[in-house]
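Architecture and fold: a report
Read off the chains here:
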Amino acid sequence: MSVLTLAQKGAPVPYIAAALGEFVNDLLPKSLTICWQTGNTLQEGNKAATTTLVRDGRTVVGEAAVVAELAKLAGADQTEEQQQWVRFAMERLSTKDFAALDAALAEVNHHLVMRSYAAGYAVTAADVALWGALRASPIVQRNLKIRSPMLGDHLVRWYTHVETQPFVSRLVEAQTAALKEKPSSVDQGSFDLGLEGIQDGGVVTRFPPEPSGYLHIGHAKAALLNEYFARTYNGKLIVRFDDTNPSKEKVEFEDSIMEDLQLLGIHADTITHTSDYFQQLYDYALLLIQRGLAYVDDTDQATMRDERGRGIASRCRDLTVEDNLARFEQMRQATEFGQTCCLRAKISVDCPNKAMRDPVIFRCNLTAHHRTGDLWKIYPTYDFCCPIVDSLEGVTHALRSMEYRDRNPLYEWFFPALDLRPVAIKDFSRMNFVYTLLSKRKLQWFVDQGHVTGWDDPRFPTVRGIRRRGMTIDALRQYVLMQGASQKNMLLEWDKIWALNKRLIDPVAPRHTALLKQGLVPATIVDTPATPEVRDLPKHKKNPELGTKRTVFSSLVFIDQADAATFEQNEEITMMDWGNAIVESIERSSDGTVTALSLRLHLEGDVKTTKKKITWLGQAPDLHPVEAMLVDYDYLITKKRLEEDDSVEDVLTPVTEFTEPAIVDANVNQLQQGAIIQLERRGYYIVDKTRAQSDLGFITFIKIPDGKAANLASKHKEVPGAEPKKSNNGNSKSSPWGKKVAAPTQPSAKTTSPDQALNLPAPEDISSMYVTRPVYGDVTLDTPENVSSMYATKKYC
């Protein structure tokens, strides 16, 4: 899928590209993701960059170039006439010269005298481009408002008709929503890393994951960037497993990484392992020792850390080459003495960059390797093997996240030291999200402590975890590509990626109905046949291709307690997919809970006049609602950004899983695991377990975040049982101005309120409504004894 990005305040606003993009999505559903970005340009210093299109690994910049690409997708290349009108829109209707524009408008008006469309007998790319150019013209828009004869009757007729098309509605809706968004730090970047020495077909990149955990969203960015540059320059992508620590690595992780890469659409040209080069890495270590550039150190770990921190040379630093070779052999054989040693590169003792202070490059490990078994007892560190293997495999550009920037000089030191071909380094920023941990060590702690169910837990930022939460691979891939290769470190919110995901799933998510089991209210529909009627209704009113669902219309239906509690006697409501109904009677328990309703259909009523549109469920002998569990999650930690000295245990969210038993329409029995639906008035959900997969025999639905900031806020402060705010319980209450005032006079016991007369519950008993408080605080105002319809006045003279 391609990504079209548009500058909201471009000069002119890129309406031609935006309209063509939406039109392409009509012709080829889900082929484009369209994003409006704050500002007048997408590239700093380039005002012409109001539009970019990322497609097939290429980035096209500028509205003219993008329109040319989109016009082809929209079929404009099929006829010369369409091509001419697209060019006309870009050149003659986009002019700022009033006289030239007036002549162009007259030409369009004349062309439309006997035509409904610019080219052919239906809306084509020609109409779309012309409409976009006119929408972008301030002169045209001003004259449309005053109905100026300058435009011509036929042009106005045509323009008004095109504006009713679905692609125009989506464009206006998307741009309006984008304009309402509060300006925030731009988390979209370009792909300009300044790669040097680029030759078409000569670029080789590599993605080197360690098979010690599952891929997370940060790894996804690294993998996609490496693939992007390899494909952009017709080069080669290497996926290399950095399997140099047998204590942490498993075949299970390696297999999962390959599966996740395939899901992301990343296909390596070559798959290798660092373990393929163990012998060569060992030989290069010997070469460093022989050249006096490495030494074997048996200093204990604590002392070594202290000496490196203070810039003090190790007592082993000046050992002879012969002594170091002998010691290194003992390391290779894993003798008792050898196991106390490590090999260190002899670079610097007191370099300001502590990464250069004689780093460890080989250490002992007796754990069997998952590929080489017990052949080796010593293993190279990442800092040592990465530059060497990069050079040996022909990598031209090593893309590394900013966390390695201090280690870049170390990476580059090995090339001249070992007479190796150098590799260019390019840095990019990591994707850090609020309330999210990306450290594999910390994620492993959550797994080990049982705070999550595994590496695919929906609360985890792993590719598998967010997929289980309902993130589509298309959304993840597009979001990462929208980020670009920026070097600016940012703490990202989750709203944009989930909002992008919503835009992708909304057009294809079937609509279903769910009601919460707690307090479920039976409602009798009077004067309705006792025999239920089953009708076929569309699963998605705007997407008939999704098919139909069976809906039961019966004399007994079920309604949510939250809805029923708001009903009033004789109120007219709308039952979605059925019509209007009048509330004839309401039965309540002693605590105010609604226990039963009686409704009378009023199908001739206007659904536009009712305030309450409710969901409901009927049942037939062979079509009963099914039981389900609705699950939602909170973040695992309560702090937006975890600092180095923060303890994970101190910021654990007390409750991170929320479940609600529900009943859902019987059509969901046909859904498979991973299916995404919308439960009307509740949001989007993904099937986590079908009835057959559940031990308890119900379907489990996980709620998919929709990108709205309010829904993505941490929930931990809202958990029931949290310590309530302190309040004064005495006879006097605190005033907003810091003074104490008398408590308000309580109404007489004999007084009957309207609520009591109608047998309605007190506001505090209605869970779905807000309790109304005094606007100016709990301040008692003096009331004149003789109350009239006017304010009381006092004499001042």
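Parameters and conventions
- Residues numbered from 1 in each chain as written.
- Predicted model: local features only at pLDDT ≥ 70, side-chain atom pairs only at ≥ 80, totals over all residues.
- Heavy atoms only, no water.
- Helix = DSSP H or I, 4+ residues; strand = E, 2+ residues; numbered from the N terminus.
- Buried < 20%, exposed > 50% of the residue type's maximum accessible area, 1.4 Å probe, protein only.
- Contact = heavy atoms within 4.5 Å.
- Areas by Shrake-Rupley, 256 points an atom, 1.4 Å probe, with all protein chains shown as cover.
- Pairing = 2+ DSSP bridges.
- Disulfide = S-S within 2.5 Å.
- Axes fitted to C-alpha atoms, helices over the stretch in contact; angles between N-to-C directions.
- Parallel < 35°, antiparallel > 145°, perpendicular 65-115°, else oblique.
- Left-handed = near helix turned anticlockwise from the far one by under 90°.
- Core = buried A, V, L, I, M, F, W, Y, C linked by side-chain atoms within 4.5 Å.
- Arc of directions from axis to C-beta.
- Salt bridge = Lys/Arg side-chain N within 4 Å of Asp/Glu carboxyl O.
- Phe/Tyr/Trp six-rings, centres within 6.5 Å; stacked < 30°, edge-to-face > 60°.
- Polar contact = N/O pair within 3.5 Å; in protein donor to acceptor, adjacent residues only side chain to side chain.
- Right-handed = clockwise from strand over helix to strand, strands pointing away.
- pLDDT = per-residue confidence, 0-100.

**Some thoughts on the overall build of the protein chain**
Looking only at helices and strands, one finds 22 helices and 33 strands in the protein chain. Within the span of the protein chain, comprising 797 residues, buried residues form 49% of the whole. Within the protein chain, residue pairs in contact and separated by at least 24 positions form 71% of the contacts whose partners lie at least 6 positions apart. Carbon and sulfur atoms make up 50% of the accessible area of the protein chain, which totals about 40,700 Å².

**Quick notes on the sheet that holds strand β29 (residues 676–679)**
Strands sit in the order β16-β29-β30-β31-β27-β28-β17 across an open sheet of 7 strands; the sheet is mixed. Here the strands that pair on one side only, and so sit at the sheet edges, are β16 (511–512) and β17 (514–516).

**A closer look at unusual backbone geometry**
Look at the link from Ala-11 to Pro-12: it is a cis peptide, with omega at 0°. Tracing the sequence through the fold places Pro-12 in the loop between β1 (2–7) and α1 (15–27). The phi dihedral of Arg-681 is positive, around 70°, even though this residue is not glycine. Considering the arrangement of structural elements, one finds Arg-681 in the loop between β29 and β30 (683–689). Overall, Arg-681 belongs to the partly exposed group, its relative accessible area being 48%.

**Concerning the state of the cysteines**
Applying the stated rule across the entire model yields 0 disulfides. Of all cysteine sulfurs in the structure, the one in Cys-341 sits closest to Cys-316, which takes part in no disulfide; the separation is 7.5 Å. Here Cys-316 falls in the buried class, since its relative accessible area comes to 1%. With no disulfide of its own, Cys-385 has Cys-386 as its nearest cysteine by sulfur position, at a separation of 6.4 Å. Classification of Cys-385 by relative accessible area gives buried; the value is 1%.

**A closer look at the packing of α1 against helix α2 (residues 63–73)**
Two elements in contact, α1 and α2, have axes separated by 9 Å at closest approach and are oriented at 20°. Classed by the angle they form, the pair α1 and α2 counts as roughly parallel. Viewed along their axes, α1 and α2 form a crossing whose handedness is left-handed. Facing α1, whose interface residues are Tyr-15, Ile-16, Ala-17, Leu-20, Gly-21, Val-24 and Leu-27, α2 presents Glu-63, Val-66, Val-67, Leu-70, Ala-71 and Leu-73.

**Brief notes about the nonpolar core**
If you look at soluble globular proteins, the nonpolar side chains tend to sit buried side by side. In terms of nonpolar packing, the biggest core is built from 71 residues, with Ile-217, Leu-261, Phe-446, Leu-476, Trp-494 and Ile-497 touching the most fellow members. The greatest single-element share of this core, amounting to 9 residues, is contributed by helix α9 (residues 217–232). Leave out the neighbours within four places in its chain, and Trp-494 touches Ile-217, Phe-433, Val-434, Thr-436, Ile-466, Tyr-635 and Leu-712. Counting 58 residues, the second-largest nonpolar core is a separate cluster that includes Ala-74, Val-86, Val-108 and Trp-158.

**As for helix α7 (residues 153–162)**
Within the span of α7, buried status applies to Leu-155, Val-156, Trp-158, Tyr-159 and Val-162. End-on, the buried residues of α7 take up no more than an arc of 165°, which puts them together on one face.

**Some words on the pattern of salt bridges**
Per the stated rule, a full pass over the model turns up 40 salt bridges. We note a salt bridge from Arg-477 to Glu-227, for which the minimum N-O separation is 3.1 Å. One end of the pair, Arg-477, is in helix α18 (residues 473–483); the other, Glu-227, is in helix α9, with 250 residues separating them in the sequence. A relative accessible area of 22% places Arg-477 in the partly exposed class.

**Brief notes about the sheet that holds strand β7 (residues 270–273)**
If you trace the 3 strands from one edge of the open sheet to the other, you get β5-β6-β7, paired in parallel fashion. Edge strands, defined here as strands with exactly one partner in the open sheet, are β5 (204–207) and β7. Each strand of the sheet is rotated relative to its neighbour by a mean of 30°, with strand direction disregarded. The sheet contact formed by β5 and strand β6 (residues 236–241) spans 4 bridges and is parallel. The residue bridging Val-204 from the neighbouring strand is Lys-236, located in β6. Here α9 sits on the sheet in contact with β5 and β6, set at roughly 165° to β5. Sheet contacts for helix α10 (residues 251–263): β5, β6 and β7; angle to β6, the most-contacted strand, approximately 155°.

**With respect to the side chain of Glu-227**
The exposure class assigned to Glu-227 is buried, which follows from its relative accessible area of 8%. Residues in contact with Glu-227, not counting those within four places in the same chain, are Leu-237, Gly-265, Ile-266, His-267 and Arg-477.

**Focus on α2**
Buried within α2 are the following residues: Glu-63, Val-66, Val-67, Glu-69, Leu-70 and Ala-71. Tucked inside the fold, the buried residues of α2 contact β1, α1, β2 (32–37), β3 (51–55), β4 (58–61) and α3 (80–91). Where α2 terminates, the next one or two residues include Gly-75, which has phi positive at roughly 90°.

**Some points on the packing of aromatic side chains**
If you walk through the whole model with that rule in mind, you get 27 aromatic pairs. A ring pair is formed by Tyr-214 and Phe-253, whose centres lie 5.5 Å apart and whose planes are at 80°; its orientation type is edge-to-face. Taken together, the positions of Tyr-214 in the loop between β5 and α9 and Phe-253 in helix α10 put the pair 39 residues apart, joining distant regions of the chain. For Tyr-214, a relative accessible area of 11% corresponds to the buried category. Accessibility expressed as a relative area gives 4% for Phe-253, which makes it buried. Geometrically, the ring pair formed by Trp-578 and Trp-616 is tilted, given 4.9 Å between the ring centres and 45° between the ring planes.

**Some points on the side chain of Asn-143**
Mapped onto the secondary structure, Asn-143 falls in helix α6 (residues 138–145). Here Ile-139 takes part through its backbone oxygen, which lies 2.8 Å from a polar atom of the side chain of Asn-143.

**Some thoughts on the pairing of β7**
Pairing analysis gives 4 bridges linking β6 to β7, with the strands arranged parallel. When the bridges of β7 are listed, Phe-241 appears paired with His-273. For the crossover that starts at β6, traverses α10 and ends in the parallel β7, the hand is right-handed.

**With respect to the environment of Glu-412**
You can see Glu-412 is positioned in helix α15 (residues 408–417). Under the relative-accessibility criterion, Glu-412 is labelled partly exposed at 41%. C-alpha of Glu-412 to C-alpha of Pro-387: the two residues are 25 residues apart in sequence and 7.4 Å apart in space.

**Quick notes on the environment of Pro-621**
Here Pro-621 lies in the loop between β26 (616–618) and β27 (626–633). The exposure class of Pro-621 is exposed, given its relative accessible area of 71%. Counting along the chain gives 89 residues from Pro-621 to Pro-532, while the straight-line C-alpha distance between them is 8.5 Å.

**Side note on the confidence of the model for the protein chain**
Looking at the protein chain as a whole, the pLDDT averages 85, with 86% of positions reaching at least 70. Here residues 719–797 is modelled with pLDDT under 50, and outside its nearest four sequence neighbours on either side it reaches 41 contacts, counting other chains as well.

**Brief notes about the environment of Val-203**
Of note, Val-203 is situated in the loop between α8 (166–180) and β5. Each C-alpha atom of the pair Val-203 and Phe-229 lies 7.7 Å from the other, and the pair is 26 residues apart in sequence.

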